[in-house]
Amino acid sequence: MRYLPLTSDDRAQMLGVIGAPDVDALFADVPRAARLPGPVDLPAHAGELEVERELTALSAMNRAAGAGPFFCGAGAYRHHVPATVDHIIQRSEFLTSYTPYQPEIAQGTLQVLFEFQTQVAALTGLEVANASMYDGSTACAEAVMMAQRVTRREKAILSGGLHPHYAATTQTIAHAEGMEIVRQTAAIDAEAAVIDAIDEHTACVVVQTPNVFGVVTDVTKIAEAAHAKGALLIVVTTEAVSFGLLKSPGEMGADIAVAEGQSIGNALNYGGPYVGLFACREKLMRQMPGRLCGETVDADGRRGYVLTLSTREQHIRREKATSNICTNSGLCALAFTIHMTLLGGTGLAELAKINHAKARELKAAVDGAGLEVLTPRFFNEIAVRVKGSAAALVEALAAQGILAGVPYSRLDPHAGLDDVLLLCATETTTSEDIAALAAALKAA
Amino acid sequence: MTMQTIGRPTRPEGSTEAAGFQSLTGGRGLLQDEPLIFELGGWTKTGVDLPEVAEDASDLAGLTRAGVDLPGLSEPEAMRHYVRLSQKNHAIDLALYPLGSCTMKHNPRLNEKAARLAGFADLHPLAPVSTTQGALALMDRLAHWLKTLTGMPAVALSPKAGAHGELCGLLCIKAAHEAAGQGHRRTVLVPTSAHGTNPATAAFVGYSVQEIAQTEDGRVDLADLEAKLGPDVAAIMVTNPNTCGLFERDIIEISKLTHAAGAYFYCDGANFNAIVGRVRPGDLGVDAMHINLHKTFSTPHGGGGPGAGPVVLSAALAPFAPAPWVVGGANGLQLVEEAAGDAAQAFGRMSAFHGQMGMFVRAYAYMRSHGSDGLRQVAEDAVLNANYIKARLSDVMTPAFPDGPCMHEALFDDAWLDGTGVTTLDFAKAMIDEGFHPMTMYFPLVVHGAMLIEPTETESKRELDRFCDALRALAAAAKGNDKDRFKGAPHLAPLRRLDETLAARKPRLTWRADSSAS
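Residues numbered from 1 in each chain as written. Chains lettered and ligands numbered in written order. Predicted model: local features only at pLDDT ≥ 70, side-chain atom pairs only at ≥ 80, totals over all residues.

K.L.:
Looking at this model, I keep getting lost on the overall build of chain B. Mind explaining?
P.N.:
The secondary structure content of chain B amounts to 13 helices and 13 strands. In summary, chain B has a C-alpha radius of gyration of 25 Å against a globular reference of 24 Å for 518 residues, a match within 12%. For chain B, the C-alpha atoms occupy an extent of roughly 75 × 75 × 45 Å along the three principal directions. Within chain B, the proportion of its 518 residues that are buried is 60%. (Helix = DSSP H or I, 4+ residues; strand = E, 2+ residues; numbered from the N terminus. Rg over C-alpha atoms; globule rule 2.2 N^0.38 Å. Buried ≥ 20, exposed ≤ 12 C-beta atoms within 10 Å, placed from the backbone.)

So, in structure tokens, the structure goes:
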């Protein structure tokens, strides 16, 4: 077996040093009844060629996004990632290292995390950020629970524009922790409705912009309303490239901003692994979940970085920890940081503008195909009303080689929005793609 | 696995300038000093070429920001910046990385290649399932392997890490109790040696945590367990093999007692790599167990994630598993994304989409490469390597549990350092100077000054001997009054010991133009 270095001679010699007659003797503590006599009923080992062949065949059964016109978004976005990014993240020193618990020999990872935290804080317009979460949806749930710790209140109000998977994840996790989760009715322009629901028991309101229907909202008034009642505003963003163009959550009064960072540096990967961004006001720092990287000095006074404020974390606090989280999304955060560094602020702003321009082109084409565009102000996604079932339309167009977006019913079958189709355009979308979609929509 | 810091110094004990040669510019040969990107002056720079956009964003008037205040770098500068940083990291590809409970083993590059195939990497999670049949087939095959290897009938794939899997398992247990009118059960029993995530997860779900005592020989105290198992107990959470690197000999009795009390048995599967192919947790009476794909099935640790933590479930808990899952049908494989109908008992959703697909591909490639025979060999070699280290070091260090074999990791305490003035931390830092990553230290909490060494199965005898020789030499130095070697360690790392107290007292989590801690 190519991954196992020991030879039979090695094994025999080592057993001799140990003083055991055979390897079975090392498993002596396993109850006899539980010892399997031989291999389980699965195929035997396979060579690299054979495994590659099987996986390539499975891969070929999928229609890759790049294989034709493609308009899916709704929480996962196809962007061009420079080749440099994937090269660097595959360097042994990044790929095959562990969480930086020994900072003297992990300054590479730690400095990257410090750069990541600084980038995330700048993008979200807030003072501090953590070293990443599993993804945007779990970051959202953690933000809601953080609001409970800060306000000592139990109720969270989720806007009807929040991605349904985010709402369901938050409902599952935060409810298990004892919170009352109020999910508002899904609606295109749902944000303002949260204001009336805020009361003196409200820990936080959760608003997404651009929301799941693509609507861009200035949440300043919602922030004011929340703060007037002593509640926090959590702003969710699923498309991180939008930070390049739109007012930041911090600028609009958010106390906590969470986002899916996949768009920057990370492939679609059929939904994971992704990278959750989490930022907040400095005064809330000690209530943050997850890992934090901080600056310090070494014994010779040289600047360096360590994981810090670990007294919040499970390995120190055990049942009193702020969260049970033990890992972040290190390699995806690295990819984010490298891509963000290549872009720079000016590059991200340009990229965001291109995305918006592509979406305007898409909207014009959809208008031209005679469909109603429901999203009034958008970044790179729009919601469209189709005739009949959006899911059926998507299947029909997939058969023609066009991945024509995401039917809203896929995210939430109970919302009664079966005729709503979510379409997205990015810098990877060509004018030919848009023309092909428009023609297919017109013919459908 | 996590590092324990209670009781160990977090401040360096003294500054001693490295003696000897100094370069003129502060350069250190191959090791480049590298500033933060914010200090490299690229405030208007970009390393990507994008087409000009004629159109403005006037339809977003009042909703746009003035600009993004972040620096960029050209491609060669960015490459150099991150390559320089990478050289300050230890890595499993460089040398033994014996972090107990973390399982740092070789990461095959075939797995990386497979995960990057366009059909997996460039696949949208919400693309029509008719266009993602290969992805669903892969998830289905992975599930089959996980179920067969564990002897469990069901698996929830979506949890994104071990702790997320623990949460998933406990939510299944909570839902099952509530469905059976047993919602009053509010206590979870956890051994004192458990990972910190176990009590944290139980508390998170609203359970109160009670500790189970440990016997002299490092196992769960059955009498104490029996005394604490009552009508209020919802579950026990036991790691097996446990965090002392020992198999729980009474595991079948533990599960019988637990079930007799009406509670469920959650097994922390962090150490499944020690028994894969040789023992099925289902045969031990386990009801739920997460599997860290990044440990047992070698998906890369990546400097701290991403992980993946699928949870295998017993028949009793299977109906409560969260969405989504894959089912077969007349029109190929389908993805159930919303619990309804027969599956209405599902407790909810752990995250957006369907889990860590990129990790599923890697783990499946790893399993297929080993096969059922190779995976059994994995467990055997992992256990053999750990016992070899234990045997080679037992005369110079003090094994915490000298009697009988260990499983995949060898645990030592610090009794052998008594009177030397050297602590576990000092010893660990001195290992860095010898070219090795330290072992897990000060964990588990039940052993004083713990040193938990996990070599894994992907180490050669030559590397194990090199490691044991280095530790023997260090042990001799510690006992030979060579204290400065340890107190000032590491001497040869990119940085000397870091001041963690300063970092926590005045947290500086982002770069700011004004100043820095140094």
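What follows continues from the structure just given.
K.L.:
Help me understand the environment of A:Cys72 in this model?
P.N.:
Positionally, A:Cys72 belongs in the loop between α2 (48-60) and α3 (83-89). A:Cys72 sits in the buried class, given 25 other C-beta atoms within 10 Å. When the C-alpha positions of A:Cys72 and A:Thr426 are compared, they lie 9.8 Å apart, and in sequence the two are 354 residues distant. Apart from the residues lying within four places of it in its own chain, the contact partners of A:Cys72 are A:Leu403, A:Gly405, A:Val406, A:Cys424, B:His124, B:Leu126 and B:Ala127. (Contact = placed C-beta atoms within 7 Å.)

K.L.:
I would appreciate a short explanation of unusual backbone geometry in the present structure.
P.N.:
Trans is the prevailing form of peptide bonds, just as negative phi is the prevailing case for residues other than glycine. The step from A:Gly272 to A:Pro273 runs through a cis peptide bond, and the omega angle for that step is 5 degrees. Checked against the element boundaries, A:Pro273 lands in the loop between β6 (256-260) and β7 (276-280). The omega angle of the peptide bond from B:Phe443 to B:Pro444 is 0 degrees, so this bond is cis rather than trans. Tracing the backbone shows B:Pro444 in the loop between β12 (440-441) and β13 (451-453). Although it is not a glycine, B:Thr456 adopts a positive phi angle of roughly 70 degrees. Relative to the helices and strands, B:Thr456 resides in the loop between β13 and α11 (461-479).

K.L.:
How should the sheet that holds strand β13 (residues 420-424) of chain A be read in this particular structure?
P.N.:
Residue and element names in this part refer to chain A. The sheet built from four strands is open, its strands ordered β10-β11-β13-β12 with antiparallel pairing. For this open sheet the edge positions go to β10 (372-373) and β12 (406-407), each flanked by a neighbour on one side alone. Where β12 and β13 come together, two bridges link them in antiparallel fashion. Across the sheet, the residue bridging to valine 406 is leucine 422, located in β13. Along the sheet face, helix α11 (residues 330-368) touches β10, β11 (381-385) and β13 and points at about 10 degrees away from the line of β11. (Pairing = 2+ DSSP bridges. Axes fitted to C-alpha atoms, helices over the stretch in contact; angles between N-to-C directions.)

K.L.:
Teacher, can you tell me more about the pairing of strand β3 (residues 180-183) of chain A here?
P.N.:
On a regular strand, one side chain projects to one face of the sheet and the next to the other, so that they alternate. Residues and elements named next belong to chain A. Where strand β2 (residues 155-158) meets β3, four bridges bridge the pair, whose relative direction is parallel. Counterpart to alanine 156 in the pairing with β3 is isoleucine 181. With helix α7 (residues 164-176) bridging β2 and the parallel β3, this β-α-β connection has right-handed handedness. (Right-handed = clockwise from strand over helix to strand, strands pointing away.)

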